[in-house]
Amino acid sequence: MLLRWYSQNLKKHQFAMNMVTTGTVFFVGDILSQQVVAKKGKQHDTERTFRSVVMGTFYSAPAATFAHNLADKVFGPSRSPKIAIKKLGMLSLFTPINILGYVILNNLLQSKSTDYIIHQIRNDVPTMILAGYCLAIPTQFILLTVVPLRHRVLLGNFVRVLWTVYLTHASNIGTRRGNLEQIRGVEG
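Residues numbered from 1 in each chain as written. Predicted model: local features only at pLDDT ≥ 70, side-chain atom pairs only at ≥ 80, totals over all residues. Heavy atoms only, no water.

**Thoughts on the nonpolar core**
Where we set the bar: We call a set of buried Ala, Val, Leu, Ile, Met, Phe, Trp, Tyr and Cys residues a nonpolar core when their side-chain atoms join them within 4.5 Å. Here's how the labels work: a residue is buried when its accessible area is under 20% of the maximum for its type, exposed when over 50%, partly exposed in between, all with a 1.4 Å probe on protein chains only. In DSSP terms, a helix is any run of H or I states spanning at least four residues, a strand is any run of E spanning at least two, and both are numbered starting from the N terminus.
Counting residues in each nonpolar core, the largest one holds eleven residues, listed as Phe26, Met55, Ile99, Tyr102, Val103, Val125, Met128, Ile129, Trp163, Leu167 and Ala170. Only helix 4 (81–109), helix 6 (125–146) and helix 7 (149–172) provide two or more residues apiece to this core. Counting residues in each nonpolar core, the second largest holds six residues, with Ala67, Leu88, Leu91 and Leu144 among its members.

**As for the side chain of Ser33**
As a reminder of what qualifies: Counted as a polar contact is a pair of N or O atoms within 3.5 Å, where, for protein atoms, one must be capable of donating a hydrogen and the other of accepting one, and residues adjacent in sequence contribute only when both atoms are in side chains. The contact rule is simple, with two residues in contact once any of their heavy atoms fall within 4.5 Å.
Locating Ser33 in the fold gives a position in helix 2 (residues 14–37). Here the side chain of Ser33 touches His169 through a polar contact of 3.4 Å, landing on its backbone nitrogen. Sequence-distant contacts of Ser33, that is, excluding residues within four places in its chain, are made with Ala38, Arg48, Val165, Thr168 and His169.

**Let's talk about the environment of His68**
Mapped onto the elements of the fold, His68 is located in helix 3 (residues 46–75). You can call His68 buried: its relative accessible area is 7%.

**Some thoughts on the packing of helix 5 (residues 114–123) against helix 6**
Under the convention used in this document: Angles here are taken between N-to-C directions and fall from 0 to 180 degrees, while the axes themselves are lines fitted to C-alpha atoms, restricted in helices to the stretch in contact. If an angle is under 35 degrees, it is roughly parallel; if it is over 145, roughly antiparallel; if it lies from 65 to 115, roughly perpendicular; otherwise it is oblique. Lys, Arg, Asp and Glu make up the charged group, whereas Ala, Val, Leu, Ile, Met, Phe, Trp, Tyr, Cys and Pro make up the nonpolar group; the residues left over, Gly among them, are polar.
Axis separation between helix 5 and helix 6 bottoms out at 4 Å; the angle between their running directions is 45 degrees. As summarised for this structure, helix 5 and helix 6 are arranged oblique, according to the angle between their axes. Across the interface between the two elements, Gln120, Ile121, Arg122 and Asn123 of helix 5 pack against Val125, Pro126 and Thr127 of helix 6. Split by residue class, the contact of helix 5 with helix 6 holds three nonpolar, three polar and one charged.

Given below as structure tokens:
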């Protein structure tokens, strides 16, 4: 019943429904990241969770909806494996741009210095992009060959919960390589 309601509203309001769904995914993903991965318990960073929801809702959802709609417009709505591989190539270009944008926006929302952001881009973003490809390529192939366009973001979001746990953790723990104290203006 809930899936039918969602599907009906998704047909009428694809953009808005994808924003709500992705915001929810980022909410769940960040809570899992903090509570299961980082084991923060009562030290939960609610500002970080709020920031994650805002970024999921207003950055990731619109970007993903645009990328999927563009891929369908360029290559057509066919779900054949041949067309899916072309769309996958196009969407693969989206992964590094999306991750880079997420890291920059996350740091700007925390008022991090330019030096800190550049350090994190150099040291963490390449690993994050590689991890993104490892998850995104097989997921996108399945979505593009099996799942109708209007349901791609919803079903992709189930996998995105796992990705969000990783992304919010990796983008918020600070850089692992290098001595952060040596970077001018690092906020810790």
